[in-house]
Amino acid sequence: MKISGQTSRPGRIAVSALPDPTASTMRLSVFDTFRDGRGLDALLVLLTLVYLIVFGLAPILYTVLMSLQQVDMFTLGDFSRPFVGFANYVDVLTRPEAGMVARHTLVFVALSVACQLVLGFALALFFQQDFPGAGIMRGLFLAAWIMPGLVVGGIWRWMLAGDNGVVNSLLAVTHLHPTKIFWMSDPATSLYAVTIANIWLGIPFNMLLLSVGLAAIPKDLYEAAQLDGAGPVERFRSITLPMMRATLGALVSLSVIFTLQQFDLFAGMTQGGPSNSSNVAQFWSWQLSFQTYDIAGGSTIAVLMIAVVIGVATLYVRSTRHEQIG
Amino acid sequence: MQITLDGLQKHYGTYHALKSIDLAVPAGQFVALVGPSGCGKSTLLRTIAGLEAISAGTLRIAGEDVTRRPPRQRDVAMVFQSYALYPHMTVAENMGYALKLRRLNRTDIARRTQVAAATLGLEALLGRYPRELSGGQRQRVAMGRAIVRDPKVFLFDEPLSNLDAALRVHMRGELRDLHDRLAATSVYVTHDQIEAMTMADHVVVMRAGRIEQQGRPLDLYDRPASRFVAGFIGSPAMNILPGTVDPSGRAARLDGAEGPLLSLPMLLEPGRPVLLGLRPEHLRLSQEGGARFDGVVDHIESTGSTTFVKLKVASQAMVMTLARRLDVTLGDPMQIGFDPADLHIFDRESEASLVTQRDAPPRAGRA
Ligand SMILES: Nc1ncnc2c1ncn2[C@@H]1O[C@H](COP(=O)(O)OP(=O)(O)OP(=O)(O)O)[C@@H](O)[C@H]1O
Ligand SMILES: [Mg+2]
């Protein structure tokens, strides 16, 4: 942007220095302001700022505000509601289900991120080997990524169905687990049912990012390591992993954020049930706000989650800042 | 340790990159592989290293057949054009990596790294990361990583091509010194014939996946076996002009020239179309006698010590270098002489040298 502004500047001066600088000069310079980028720069920055404020900052601030106020259905349209300080926070955190939801959220995020990363990495390494059809197969994996969460939830609900689901019959055929598992209606497994679906959903993204990271590692490093006497495992340990540090850091941060945003699968599969056995913070927040109309409570959870996301995002930014090793 | 290549072939799919390469590198020799871009120099080096599978033929290092062995069982070290330093390791870690993989203990690694660093003047840089080094320093670290292992063979793939001209000349000398001090066996790839001529004991000229000629540097210069080698070795390149043998068989005339005959150092059948080769540095300004022809000054350049004169001879371009200054202007006529013994003659069809066939056995192919 800066460069284009500078390079066309002399051109504009040349135009106004023509022997007859009449009305056309005026028109040209206004037009030029946009064409050579300066006016356009400002406009683009302004648009972005407006967008961020209206759709990013304002809702967050409004949520924070509501978490500090007493809100009910009748005061929804008002800003001037009674302030209650941190009473909402105390209230939400001392509810009987709070500890359980926090634990579920932690399990859901940790399992999802870890499994997505490991499986995504394995697939990325697999597709790194150039075999015929690698490109097409990798492309097919991305299909999972473009499907709406609710659809994915529906598919997994069928696959995990207790009586005639594909997963149960596979487990029976392979004698891994001959009796039926009622994945979504058994409180012991409901959270894992959603987690499995979420892992499946997140693998393509992980694979894609890791593939990009792997492709960026110069081939000659592996060749040098080979000549230095490193076998495949050693090369992975001492070249691949350290070279992927920035990518891995960024990916874990992004995965945590995406997993904390995962709502559709819960809506599509278990509705957080049975009896909160698969309830997580993001779904609980929605339940409080839009099912029980405890909007202050829902906002409070949302604010707590925003705090976590900001923390993770900070880590992400840190890890991308160190991306240039080499 | 000696390296022996026997009928080595390399195919990339349908592309035949190396066509029956025979090469013997005695222990302690410095061998340079030269040739134009894409002729297979790097491929040959990488097959010796084990980074490319050998399609056919055998490779022996120190007498052992290593054709099918992976790189780490060949005990060769390679210096890459890009240096390929591990960016996340310090200089010391880069150099010690191979030793660590051999499970040497920490003190041994530190000691050997120190020794190698001292050899290359890297002591002060051991704690730095590659990104904190200049190009020349990186080059040294890449060297250090190779010598610290004390390998059987050193392989270099255009290691100096990323350095500026002055440093390149300096490193040439240093590299050769290092080779002598370590009593190493080295194979050195370059596309710069001057590097090859100045550094190597034995030069291998490659062309399109084959060895065109190999031998001692000055032998290649004095007796190029083909027009290709003649044009490749020597700078500026040899002047090669089409000519025809005179009815007497003892002289030749440049095609398109009315002018005088160039006397030949041997007898050839009259009327045979040939290529006449004369090195720019073998041409001189002539007063009288000897073989001579007329030219017109077309362009003149001087570096102070050397004068490059571009001439038009019978509407063909020719270059002459003189080790002194010259006071002429463009368009001046000039009489040029040379010693008939310096004349190279190639067959027009096969482009093979006709002189070497008489004077010395051809050294192309099997050594
Ligand atoms: N992996 C590969 N697959 C197919 N062809 C290849 C491969 N590597 C090299 N080649 C081909 O083999 C030939 C020799 O390549 P090589 O890299 O050995 O050339 P070079 O002599 O080192 O050239 P340069 O001086 O440009 O480095 C080239 O024509 C190249 O296109
Ligand atoms: Mg090469």
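Quick caveat: nothing in here was measured; it's all calculated off a predicted structure.

For this particular structure, what's the right way to read the packing of helix H10 (residues 190-215) of chain A against helix H13 (residues 245-261) of chain A?
Angle between the axes and distance between the axes are the two parameters that describe a pair of packed helices. Residue and element names in this part refer to chain A. In the contact formed by H10 and H13, the axes pass within 11 Å of each other and the chain directions differ by 155°. By the criterion of interaxial angle, the relationship of H10 to H13 is roughly antiparallel. Considering only the axes of H10 and H13, their crossing is right-handed. Of the residues in H13, those touching H10 at Asn198, Phe205, Asn206, Leu209, Leu210 and Gly213 are Thr247, Leu248, Leu251, Leu254, Ser255, Phe258 and Thr259. Along the lines of polarity and charge, the residues of the contact of H10 with H13 split into seven nonpolar, six polar and no charged.

Teacher, can you tell me more about the sheet that holds strand S4 (residues 56-61) of chain B here?
Strand pairing in a sheet relies on backbone hydrogen bonds, with the paired strands running either antiparallel or parallel. Residue and element names in this part refer to chain B. The antiparallel open sheet is built from four strands, whose spatial order is S2-S1-S4-S5. Of all strands in the sheet, those bounded by a partner on one side alone are strand S2 (15-25) and strand S5 (64-65). Together, strand S1 (3-12), S2 and S4 form the strand contacts of helix H1 (residues 41-49), whose direction differs from that of S1 by roughly 115°.

Explain the packing of aromatic side chains to me, please; I cannot follow it from the model alone.
For any pair of aromatic rings, the description rests on two quantities: the centre-to-centre distance and the angle between the ring planes. This model, assessed by the stated rule, comprises 19 aromatic pairs over all chains. Ring centres of Phe283 of chain A and Trp286 of chain A lie 5.4 Å apart, and the angle between their planes is 40°; this geometry places the pair in the tilted category. Within this pair, Phe283 of chain A and its partner Trp286 of chain A are both found in helix H15 (residues 281-291), separated by three residues, close to a single helical turn. Residue classification places Trp286 of chain A among the partly exposed positions, given a relative accessible area of 29%. Arranged with centres 5.5 Å apart and planes meeting at 40°, the rings of Phe30 of chain B and Tyr188 of chain B form a pair that is tilted. Taken together, the residues span a long stretch of sequence, with Phe30 of chain B in strand S3 (residues 30-34) and Tyr188 of chain B in strand S8 (residues 186-189) at a distance of 158 residues. Judged by its relative accessible area of 1%, Phe30 of chain B falls in the buried class. Pairwise contacts between aromatic rings join Phe108, Phe263, Phe266, Phe283 and Trp286 of chain A into one cluster. Its end group placed over the ring of Tyr86 of chain B, Arg145 of chain B keeps NZ or CZ at 4.7 Å from the ring centre.

Could you clarify how one ought to interpret the site of ligand 1 in this entry?
Residues and elements named next belong to chain B. Around ligand 1, the neighbouring residues are Tyr12, Tyr15, Ala17, Ser37, Gly38, Cys39, Gly40, Lys41, Ser42, Thr43 and Glu158. Between an oxygen atom of ligand 1 and a side-chain N or O atom of Ser37, the distance comes to 2.5 Å. Glu158 is positioned such that a nitrogen or oxygen atom in its side chain is 3.4 Å from an oxygen atom of ligand 1. In the complex, 60% of the free accessible area of ligand 1, which totals 630 Å², lies under the protein chains. Listing elements by their share of the shell around ligand 1, those giving two or more residues are S2 and H1. Top element by residues in the shell around ligand 1 is H1. It accounts for three residues. Across the shell around ligand 1, the residue classes tally to four nonpolar, five polar and two charged.

I tried to follow the nonpolar core on my own but got confused; where do I start?
One recurring pattern in soluble globular proteins is that nonpolar side chains are buried together. Counting residues in hydrophobic clusters, the biggest one holds 58 residues, and the most contacted among them are Leu5, Ile21 and Leu155 of chain B. Top element by residues in this core is H10 of chain A. It accounts for six residues. Excluding anything up to four places from it in sequence, Leu155 of chain B contacts Leu45, Ile48, Ala49, Val76, Ala77, Met78, Val79 and Val187 of chain B. Grouped together as the second largest cluster of nonpolar side chains are 45 residues, Ala142, Met171, Leu175 and Tyr188 of chain B included.

How should the confidence of the model for chain B be read in this particular structure?
The predicted structure's coordinates, where accompanied by low pLDDT, should not be read in detail. When pLDDT is averaged along chain B, the result is 87; 94% of the residues meet or exceed 70. Interface confidence for the predicted complex, given as ipTM, is 0.83, next to a pTM of 0.79.

What counts, and where the lines are drawn
Residues numbered from 1 in each chain as written. Chains lettered and ligands numbered in written order. Predicted model: local features only at pLDDT ≥ 70, side-chain atom pairs only at ≥ 80, totals over all residues. Heavy atoms only, no water. Axes fitted to C-alpha atoms, helices over the stretch in contact; angles between N-to-C directions. Helix = DSSP H or I, 4+ residues; strand = E, 2+ residues; numbered from the N terminus. Parallel < 35°, antiparallel > 145°, perpendicular 65-115°, else oblique. Left-handed = near helix turned anticlockwise from the far one by under 90°. Contact = heavy atoms within 4.5 Å. Nonpolar A, V, L, I, M, F, W, Y, C, P; charged D, E, K, R; others polar. Pairing = 2+ DSSP bridges. Phe/Tyr/Trp six-rings, centres within 6.5 Å; stacked < 30°, edge-to-face > 60°. Buried < 20%, exposed > 50% of the residue type's maximum accessible area, 1.4 Å probe, protein only. Lys NZ or Arg CZ within 6 Å of the ring centre and 35° of its normal. Near = heavy atom within 4 Å. Polar contact = N/O pair within 3.5 Å; in protein donor to acceptor, adjacent residues only side chain to side chain. Areas by Shrake-Rupley, 256 points an atom, 1.4 Å probe, with all protein chains shown as cover. Core = buried A, V, L, I, M, F, W, Y, C linked by side-chain atoms within 4.5 Å. pLDDT = per-residue confidence, 0-100.

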